[in-house]
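Given next are the chains, with one letter for each unit.
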Amino acid sequence: MEHPLNIYNTLTRRKEIFVPLHAPHVGMYVCGPTVYGDAHLGHARPAITFDMLFRYLKQLGYKVRYVRNITDVGHLEHDADDGEDKVAKKARLEQLEPMEVVQYYLNRYHKAMDALNVLPPGIEPHASGHIIEQIELVGKIIAGGYAYESEGSVYFDVEKYNGDHRYGILSGRNIEDMLNTSRELEGQEEKRNPADFALWKKARPEHIMRWPSPWSDGFPGWHCECTAMGKKYLGNHFDIHGGGMDLIFPHHECEIAQAVASQGDDMVRYWMHNNMITIDGQKMGKSLGNFITLDEFFSGSHPQLAQPYSPMTIRFFILQAHYRSTVDFSNEALQASAKGLARLMEACGHIAALPFAAESSTNMVKGLRAGCFEAMNDDLNSPVLISNLFEAARLVNSVRDGKATLSAADIKELQDVFTLFLFDILGISDETATGNSHDEAFGKAIDLLLSIRQQAKAAKDWATSDKIRNELTALGFEIKDTKEGTEWRID
Ligand code: ZN
């Protein structure tokens, strides 16, 4: 291909030509959600970004093994108030089995991802299902001399590691800074150095989720799961590791250290990170009152939302920015996205019915496909791709207005390019055609019956109007005549 796929590698801080280790196979690992609450706008961005990459790699002919983990236990992101694991806390407060909490939120996460047309990964491993692999990883790091046991917990020896390798290679931080900025956390006194991170934590008596290990009954440190599960499903070396920018430090920095300490080198060829979403210029957070879940966006039920926003509006809004740029949410920005998407979908719907001419009056269609590929190959430049599609939409409108002509072949090409880039690669779906089409058709059929009844009434054909009313009532419908027309509902 003229323009090979270039992706920005966070590790080298430059765009690199993507060359898979074992073409046509590509191994891709993306850090998935922590499931103790509903998915919010911040979850949508990495999911959609790496979904676009997944779809695009498949379009390029690669066979992608896509792994996205579920962080269900053991992570160190404890509740700020009492240091308790968030899943465990929810389970205790609601008297549920921890896995019930995990499954409940995981089901809801999947539903939200389906709505956003995010394809499911090939493998979705749970941290709690891979304790053995994590214990094995910790054992290897201890054997290599880069970890030590202390009071039943195991810590990674950052200073020792940094003497032989470079801790901070991904984030660009240096260890001296870290020594100064490390917060005083519970368990700190067990560490040789405040920058050391936990590979295994001994569980306190009240801790529900615990597993036996050579060191104590406890649970693995959060960073272990991705190293252990990446290795298990993608091998010692794989192509792409993705996630949000907020994971660069400490999570991915620690993953690199664990891999190097356990096998001598990093597992990952290309580290990719999406930027964050802000709301009116502010970081999203529960305490800031601007923490909006995806369901709230879809239903419009958050005080900061002027209206509901459809899943495709959210998806299009996110794709309108380059994944490495920040995205600032506002009602105005989302409303503009909804309008833009409607314009594209409308133009797309008109293509098949365009009149064709013997010749095209423009060369635009000829270069369209190459221009779209060029945008995607330039580090997944979705905003440039979308602007190419907008240009194509303007051409469609010009042809409809008789201001331009297109040959039959160009019309077909236009249709194919829209299908490939808008639907298959950007993953936009036609919301008017999917979803509740069955319910919609049902509602329209009832409306049709009631309009026939209305006509019968107007014609004083009481037998027909009564028959429709009585039989619908017998079927369980409630029919009510109001000044505005006839209303109906069914129990
Ligand atoms: Zn991870």
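Residues numbered from 1 in each chain as written. Predicted model: local features only at pLDDT ≥ 70, side-chain atom pairs only at ≥ 80, totals over all residues. Heavy atoms only, no water.

Attention now moves to the side chain of arginine 315. With respect to the helices, strands and loops of the structure, arginine 315 is situated in helix α10 (residues 311-319). A relative accessible area of 0% places arginine 315 in the buried class. A polar side-chain atom of arginine 315 sits 3.1 Å from the main-chain carbonyl oxygen of asparagine 117. Contacts of arginine 315, omitting those with residues within four sequence positions, involve Ile48, Asp51, Arg55, Leu116, Asn117, Val118, Leu426, Gly427 and Ile428. (Helix = DSSP H or I, 4+ residues; strand = E, 2+ residues; numbered from the N terminus. Buried < 20%, exposed > 50% of the residue type's maximum accessible area, 1.4 Å probe, protein only. Polar contact = N/O pair within 3.5 Å; in protein donor to acceptor, adjacent residues only side chain to side chain. Contact = heavy atoms within 4.5 Å.)

Before going further, it helps to spend a moment on the pairing of strand β2 (residues 14-17). Note: strand β1 (residues 6-9) against β2, four bridges, orientation antiparallel. Paired with isoleucine 7 across the strands is glutamate 16, a residue of β2. (Pairing = 2+ DSSP bridges.)

As assigned here, the protein comprises domain 1 (6-274), domain 2 (279-425) and domain 3 (437-490). The centre of domain 1, based on its C-alpha atoms, is set 33 Å off from the matching centre of domain 2. In this complex, domain 1 contributes 30 residues to the contact, which on the side of domain 2 involves 33 residues. Across the interface of domain 1 and domain 2, roughly 2,900 Å² is buried in total on both sides, 66% from carbon and sulfur atoms. Three residues stand out in domain 1 for area buried against domain 2, namely Leu41, Arg45 and Tyr56, and they jointly supply 26% of the buried area on that side. Here domain 1 and domain 2 share three salt bridges between them. A salt bridge links aspartate 378 to lysine 15, with the shortest nitrogen-to-oxygen separation between them at 2.7 Å. Taken together, the connections running from domain 1 to domain 2 amount to 15 residue pairs in polar contact (both at pLDDT 80 or more). Within the residue set of the side of domain 1 that touches domain 2, elements represented by two or more residues are β1, α1 (41-59), α3 (98-115) and β10 (268-274). Within the side of domain 1 that touches domain 2, the residues separate by chemical class into 16 nonpolar, eight polar and six charged. (Domains from an automatic or database assignment. Buried area = accessible area lost by both parts, 1.4 Å probe. Salt bridge = Lys/Arg side-chain N within 4 Å of Asp/Glu carboxyl O. Nonpolar A, V, L, I, M, F, W, Y, C, P; charged D, E, K, R; others polar.)

A few words on the coordination of the zinc ion. Protein-derived ligands of the zinc ion are Cys31 (SG), Cys226 (SG) and His251 (NE2), with the metal-ligand distances lying across 2.0 to 2.1 Å. Counting the intervening residues between successive donors of the zinc ion yields the motif C-x194-C-x24-H. Within this pair, whereas cysteine 31 is found in the loop between β3 (25-30) and α1, its partner histidine 251 is found in helix α8 (residues 248-263), the two being separated by 220 residues in sequence. Residue class for histidine 251 comes out buried when judged on its relative accessible area of 1%. (Donors = N, O, S within 2.8 Å, 3.2 Å for Na, K, Ca; no water.)

The full count for this structure, using the stated rule, is 17 salt bridges. With its nearest N and O atoms 2.8 Å apart, the salt bridge here joins aspartate 51 to arginine 315. Residue aspartate 51 is found in helix α1, and its partner arginine 315 is found in helix α10; the two are separated by 264 residues along the sequence. Here arginine 469 ties to aspartate 481 by a salt bridge, and the two come within 3.4 Å at their closest N and O atoms.

So, on to the environment of alanine 112. Structurally, alanine 112 is set in helix α3. Residues alanine 112 and valine 158, spaced 46 residues apart in sequence, show a C-alpha to C-alpha distance of 39 Å.

Summed over all chains, the structure comprises zero disulfides. With no disulfide of its own, cysteine 224 lies closest to cysteine 254 among cysteine sulfurs, the gap being 9.3 Å. Not engaged in a disulfide, the cysteine cysteine 348 finds its nearest cysteine sulfur in cysteine 372; these two sulfurs lie 12 Å apart. Residue classification places cysteine 348 among the buried positions, given a relative accessible area of 8%. (Disulfide = S-S within 2.5 Å.)

Right, let's talk about the sheet that holds strand β8 (residues 218-220) for a bit. Spatially, the four strands line up as an open sheet ordered β5-β6-β7-β8, and their pairing is antiparallel. Across the chains shown, the open sheet's two edge strands, defined by having one partner strand only, are β5 (147-150) and β8. On average, each strand axis in the sheet is inclined to that of its neighbour by 20 degrees, with strand direction left out of account. In the sheet, strand β6 (residues 153-156) pairs with strand β7 (residues 198-202) via two bridges, with the strands oriented antiparallel. Counterpart to valine 154 in the pairing with β7 is tryptophan 200. (Axes fitted to C-alpha atoms, helices over the stretch in contact; angles between N-to-C directions.)

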